[in-house]
Amino acid sequence: MAVATRPNEVGEAIWNVYLINHNNFQIDNVLVASKGYGVVDGNEVKTSVLRHMFEQVAPKSFVQIEPIDPAIFHINNEYWVSYYVSGQIYDKKFVFVPEAISEENLIEISMLQMQGVLHT
């Protein structure tokens, strides 16, 4: 899982979330549920839960899940991924904690050919 940025046509940073399949095998029927949550100024904050479905993610490839607004980088951003490998179901949760997605945490993500924050 990665959150990566690239500049748009006027040089503003555009942020997107990507699911990266580092495996040597495809993953099938991939369901990603995303949500944000946290406490801001003593008040509980929650975003809507969004769900994304991908029939297949090829080996050593990636899919773009969704754009992400920098306005929610200060709360937890959770991505729960369920998928099948050879008929067996698996799931994994990725949580980008508050302020983990930031310019100072950017690294080069070679598969995406972009800079971003990688979560393994």
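Look up: the structure comes first, before these words.
Read on for a plain summary of the structure. Note that the structure is predicted; figures quoted are calculated from it, not measured.

1. Notes on the nonpolar core
In terms of nonpolar packing, the biggest core is built from 23 residues, with Met1, Leu19, Val30, Ile68, Tyr79 and Val81 touching the most fellow members. For this core, the elements supplying multiple residues, two or more each, are β2 (13-21), β3 (27-40), β5 (50-57), β6 (61-67), β7 (76-85) and β8 (88-96). The element best represented in this core is β7, accounting for four residues. Ranked by size, the runner-up nonpolar core spans seven residues in total, among them Ala4, Ile109, Leu112 and Met114.

2. Focus: the sheet that holds β2
Spatially, the five strands line up as an open sheet ordered β6-β2-β1-β10-β9, and their pairing is antiparallel. Strands with a single pairing partner mark the edges of an open sheet, and in this sheet they are β6 and β9 (107-109). With strand direction ignored, the average angle separating the axes of adjacent strands in the sheet is 45 degrees.

3. Overview of the packing of aromatic side chains
Taken as a whole, this structure holds four aromatic pairs when the rule is applied. Between Trp15 and Phe73, the aromatic rings sit 5.1 Å apart at their centres with planes inclined by 80 degrees, giving edge-to-face as the arrangement. Here Trp15, found in strand β2, pairs with Phe73, found in the loop between β6 and β7; they are 58 residues apart in sequence, far enough to count as distant. Overall, Trp15 belongs to the buried group, its relative accessible area being 7%. Of the residues examined, Phe73 reaches a relative accessible area of 7% and is grouped as buried. Ring geometry for Tyr18 against Phe62: centres 5.8 Å apart, planes inclined by 80 degrees, an arrangement best described as edge-to-face. Of the two residues, Tyr18 sits in strand β2 while Phe62 sits in strand β6, which places them 44 residues apart along the sequence.

Here is what the cut-offs are and how they apply
- Residues numbered from 1 in each chain as written.
- Predicted model: local features only at pLDDT ≥ 70, side-chain atom pairs only at ≥ 80, totals over all residues.
- Heavy atoms only, no water.
- Core = buried A, V, L, I, M, F, W, Y, C linked by side-chain atoms within 4.5 Å.
- Buried < 20%, exposed > 50% of the residue type's maximum accessible area, 1.4 Å probe, protein only.
- Helix = DSSP H or I, 4+ residues; strand = E, 2+ residues; numbered from the N terminus.
- Pairing = 2+ DSSP bridges.
- Axes fitted to C-alpha atoms, helices over the stretch in contact; angles between N-to-C directions.
- Phe/Tyr/Trp six-rings, centres within 6.5 Å; stacked < 30°, edge-to-face > 60°.

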